[in-house]
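Analysis of the macromolecular model
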Amino acid sequence: MNMLWFQGNRMRLAKYSFQLFLRNLPASKTILPVLTLFTKDPCPLCDEAKEVLEPYKNRFILQEVDITLPENSAWYERYKFDIPVFHLNGQFLMMHRVNISKLEKQLQKLEQQRAGS
């Protein structure tokens, strides 16, 4: 029983230490927005979209989700005819092609929110 208590406290200490570590990093290096690309292989439009996104790669974390994997079957049913599809921080952003003006607007909005906090 004591061992479990100790492990729980150690876990809290690690979590607290990590939060302090994040707080002491410059804001620009802490939390970048996550741009999720729903894709499959092959996907020429997805490859083209990644090329278009290249100049922006330092402003977000690109997460690719292969909709053909069994664990992503819900995304497959939703987007099988529409890839590439993009979500920004979990919210639908765009599909089929990269809309640079829409992406830029949303990134600026998130960056302003982050700068204000």
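This one's a predicted model, so the numbers in the text were calculated from it and none came from an experiment.

Right, let's get into the overall build of the protein. A count of helical and extended segments in the protein gives five helices and four strands. The helix and strand sequence of the protein, counted from the amino end, reads α-α-β-α-β-α-β-β-α. Relative to its full complement of 117 residues, the protein shows a buried share of 24%. Considering only contacts in the protein between residues 6 or more positions apart, those separated by 24 or more positions represent 66%. Split by element, the accessible area of the protein, about 8600 Å² in all, is 57% carbon and sulfur.

Taken in spatial order, the four strands line up as β2-β1-β3-β4 in an open sheet, and their pairing is mixed. The open sheet terminates on both sides in strands that have one partner only, identified here as β2 (61-66) and β4 (91-95). Each adjacent strand pair in this sheet contributes to an overall mean axis angle of 25°, direction not counted. Relative to β2, strand β1 (residues 34-39) runs parallel, the two being bridged by six bridges. Paired with L37 across the bridge in β2 is E64. Its contacts with the sheet put helix α3 (residues 44-53) on β1, β2 and β3 (85-88), and the angle it makes with β1 is roughly 160°. Sheet strands in contact with helix α5 (residues 100-116) are β1, β3 and β4, and its direction is about 155° off that of β4.

Criteria and cut-off values
- Residues numbered from 1 in each chain as written.
- Predicted model: local features only at pLDDT ≥ 70, side-chain atom pairs only at ≥ 80, totals over all residues.
- Heavy atoms only, no water.
- Helix = DSSP H or I, 4+ residues; strand = E, 2+ residues; numbered from the N terminus.
- Buried < 20%, exposed > 50% of the residue type's maximum accessible area, 1.4 Å probe, protein only.
- Contact = heavy atoms within 4.5 Å.
- Areas by Shrake-Rupley, 256 points an atom, 1.4 Å probe, with all protein chains shown as cover.
- Pairing = 2+ DSSP bridges.
- Axes fitted to C-alpha atoms, helices over the stretch in contact; angles between N-to-C directions.

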